[in-house]
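So you can see what is in the structure, the chains are spelled out below.
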Amino acid sequence: MTRAQLAGVILGLSLVAAFTIVRARDPQPLRLAREATFDQYQRLAPRSFEAMPVRVVDIDEASLRQFGQWPWPRDRMAALVDRLTELGAAVIAFDILFAEPDRLSPRSVVRDVPGIDPALLDRLPDNDEIFARSIADKPVVLGYGISNEGNYHPQMKAGIAFTGESPVDAPPHIRAATPLRPQLEANAAGIGHISLNPGRSTAVVRTAPLFLSDGEQLYPDLALEAMRVAQGASTYLIAGAPEGQGIMTSFKIGDFVIPVTSAGELWLYVSPDRAERYVSAKDVLAPDGASAK
């Protein structure tokens, strides 16, 4: 090997080593450049719209004019569940927190009325109980938020198995969650978190954590639980890395295999918003339901 050839080999190896070190350390300028490139790609080549059988039931201005200001009483949420079930919904996911008792329940409204007969309270309707009865044995998924206080951890409605080393430490960690109303938690077919980017300082959401962890248990997000319940699946199968703990590579739920980052996040490649994705809650609750189909 000539001196020039040896110098070329040494230079090549040095460049490879330098790039490997930079990529492993992933300094902030490199991350910012990568994220800016990703954002620009989203603008220049967004995902094309696909007509999927998924709809957002929108509590829009027309619905608020029809039924009054938000929050609505939970007996109306029950009516929404009953109507969507009649229309053949495979799964109904609520991106809404049901943490506090329904203050609009007749029982709650009159509880503090001076001189009220306690025996009367037991005969008055409780909207949380009505909602809980409505979602029982139906494909309903409820959401919960993340909390820095308390020690509540949501009930798991599915099993989790994994291959390779344990991935429990891969996702963002949580301390606790916002408790659901007990009767709603018990009757829901699925429960998932609705936090977009816990622990991240940026306001731009580029990835979504599909699982969260408390260091011992993994908790799926709302979309995953909706996908699981819609398929009638009972278990998440997570692929961990064979060479070390705290890494995810992909997971399988029902018929779907989803690749993720090592932290269990999904990079979001979105399509432009379209009116076809939405149906007004007013139309779902209409007597004929014609506009909801």
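Read on for an overview of the structure. (Residues numbered from 1 in each chain as written. Predicted model: local features only at pLDDT ≥ 70, side-chain atom pairs only at ≥ 80, totals over all residues. Heavy atoms only, no water.)

**Concerning the overall build of the chain**
Consideration 1: A count of helical and extended segments in the chain gives ten helices and 15 strands.
Consideration 2: For the chain, the proportion of its 293 residues judged to be buried stands at 34%.
Consideration 3: When contacts within the chain are restricted to residue pairs at least 6 apart in sequence, those whose partners lie at least 24 apart make up 74%.
Consideration 4: Only carbon and sulfur atoms are counted for the fraction: they give 56% of the accessible area of the chain, which is about 17000 Å². (Helix = DSSP H or I, 4+ residues; strand = E, 2+ residues; numbered from the N terminus. Buried < 20%, exposed > 50% of the residue type's maximum accessible area, 1.4 Å probe, protein only. Contact = heavy atoms within 4.5 Å. Areas by Shrake-Rupley, 256 points an atom, 1.4 Å probe, with all protein chains shown as cover.)

**Considering unusual backbone geometry**
Consideration 1: W70 connects to P71 through a cis peptide bond whose omega is 5°.
Consideration 2: Residue position: P71 is located in the loop between helix 3 (61-67) and helix 4 (74-86).
Consideration 3: Within the chain, D137 stands out as a residue other than glycine whose phi angle is a positive 65°.
Consideration 4: Topologically, D137 is positioned in the loop between helix 7 (127-135) and strand 3 (140-144).
Consideration 5: On the basis of relative accessible area, D137 is assigned to the exposed category, the value being 83%.

**Quick look at the pairing of strand 2 (residues 92-97)**
Consideration 1: Taking every second residue as pointing to the same face, the buried face of strand 2 carries I92, F94 and I96, while none of A93, D95 and L97 on the other face is buried.
Consideration 2: Note: strand 2 against strand 3, four bridges, orientation parallel. Residue pairing in the sheet places I92 in a bridge with V140 of strand 3. (Pairing = 2+ DSSP bridges.)

**As for the sheet that holds strand 11 (residues 235-240)**
Consideration 1: Pairing within the open sheet is mixed, and its four strands lie in the order 5-11-12-13. Edge positions in the sheet fall to strand 5 (159-163) and strand 13 (256-259), since each of these pairs with one other strand and no more. Strand after strand, the sheet turns through a mean of 20° between neighbouring axes, direction not considered.
Consideration 2: Taken together, the five bridges between strand 5 and strand 11 define a ladder with parallel strand orientation. Across the sheet, the residue bridging to F162 is I238, located in strand 11.
Consideration 3: Of the strands in this sheet, strand 11, strand 12 (248-253) and strand 13 touch helix 9 (residues 222-231), which is tilted by about 35° from strand 12. (Axes fitted to C-alpha atoms, helices over the stretch in contact; angles between N-to-C directions.)

**Looking at the packing of aromatic side chains**
Consideration 1: Per the counting criterion, the structure on display carries seven aromatic pairs.
Consideration 2: Centroid distance F94 to F98: 5.7 Å. Interplanar angle 70°. Geometry classified as edge-to-face. Grouping residues by exposure puts F94 and F98 together as buried.
Consideration 3: When the centroid spacing of 5.1 Å and the interplanar angle of 70° are considered together, the rings of F98 and F131 count as edge-to-face. Here F131 lies in helix 7 and F98 lies in the loop between strand 2 and helix 5 (106-111), a separation of 33 residues in the sequence.
Consideration 4: For F131, a relative accessible area of 0% corresponds to the buried category.
Consideration 5: By way of ring pairs, the aromatic residues F67, W70 and W72 are connected into one cluster. (Phe/Tyr/Trp six-rings, centres within 6.5 Å; stacked < 30°, edge-to-face > 60°.)

**Let's talk about the packing of helix 4 against helix 7**
Consideration 1: Relative orientation of the contacting elements helix 4 and helix 7 amounts to 15°, with a least axis distance of 7 Å. In terms of orientation, helix 4 and helix 7 fall into the roughly parallel class. Helix 4 and helix 7 meet at a crossing whose hand is left-handed. Touching R74, D75, M77, A78, V81 and D82 of helix 4 are N127, D128, I130, F131, S134 and I135, all from helix 7. (Parallel < 35°, antiparallel > 145°, perpendicular 65-115°, else oblique. Left-handed = near helix turned anticlockwise from the far one by under 90°.)

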